[in-house]
Amino acid sequence: MGNVVPIKGAQQAPKSVQSRMETLIINQTMVNAWKHPPFQRPIRVNAKVQAVIEQIKKTETVEGVLTLGALKSESSVLYIVDGQHRVEAFKLSGLTEAFADVRVVIFSNMAEMAEEFVQLNSSLVKMRPDDILRGLESSTPALISIR
């Protein structure tokens, strides 16, 4: 833990809610072994997913954090809790491998895993058009000139 920055007031999390996160080289065999839990929504390949496929082809990297879950009772089985559309985009990219940040959480039961899914897919504050424009401003010359 030599390169971990201590955070004042932070404490070790209870063992029941700990997770681990690693940057991995994922491959098609690995992601095809990951299961879809019963609460997961259906996969839809739309224009945004197509754009992610192209981005993965170009950078050989899956953006964001893929969250996988395992049950204490069957810790060798990994379920896709968050990031299933990015995983699908990787599968459809045709690449044999890519870099990805992967978080693995151990759950006591499927209900806990489902709660994590809901939490990860719920926004705290809905984004407004102004928020999106502000985020795009530095990379869009027209927005820079308006400002």
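These numbers were taken from a predicted model, which means no experiment stands behind them.

The rules behind these values
- Residues numbered from 1 in each chain as written.
- Predicted model: local features only at pLDDT ≥ 70, side-chain atom pairs only at ≥ 80, totals over all residues.
- Heavy atoms only, no water.
- Helix = DSSP H or I, 4+ residues; strand = E, 2+ residues; numbered from the N terminus.
- Polar contact = N/O pair within 3.5 Å; in protein donor to acceptor, adjacent residues only side chain to side chain.
- Contact = heavy atoms within 4.5 Å.
- Phe/Tyr/Trp six-rings, centres within 6.5 Å; stacked < 30°, edge-to-face > 60°.

K.L.:
Explain the side chain of Gln40 to me, using residue names and the numbers behind them.
P.N.:
One can find Gln40 in the loop between α1 (28–33) and α2 (47–59). Within the structure, the side chain of Gln40 is placed 2.8 Å from the backbone oxygen of Ile80, a separation counted as a polar contact. Of note is the side chain of Gln40, whose polar atom sits 3.5 Å from the side chain of Gln84. Once you skip the residues sitting within four places of it in the chain, Gln40 turns out to touch Ile80, Val81, Gln84 and Phe117.

K.L.:
So what's going on with the packing of aromatic side chains? Which residues, and what values?
P.N.:
Here the structure, examined in full by the defined rule, presents one aromatic pair. Residues Phe39 and Phe117 carry aromatic rings whose centres are separated by 5.2 Å and whose planes lie at 45° to one another, so their mutual orientation is tilted. Of this pair, Phe39 sits in the loop between α1 and α2 while Phe117 sits in helix α4 (residues 110–120), placing them 78 residues apart in sequence.

K.L.:
Explain the environment of Asp82 to me, and be specific about the residues and the numbers.
P.N.:
In this fold, Asp82 is placed in strand β3 (residues 74–82). Separated by 39 residues in sequence, Asp82 and Asn121 have C-alpha atoms that sit 7.7 Å apart. If near-sequence neighbours (up to four positions away) are discounted, Asp82 is found in contact with Val65, Leu66, Thr67, Leu120 and Asn121.

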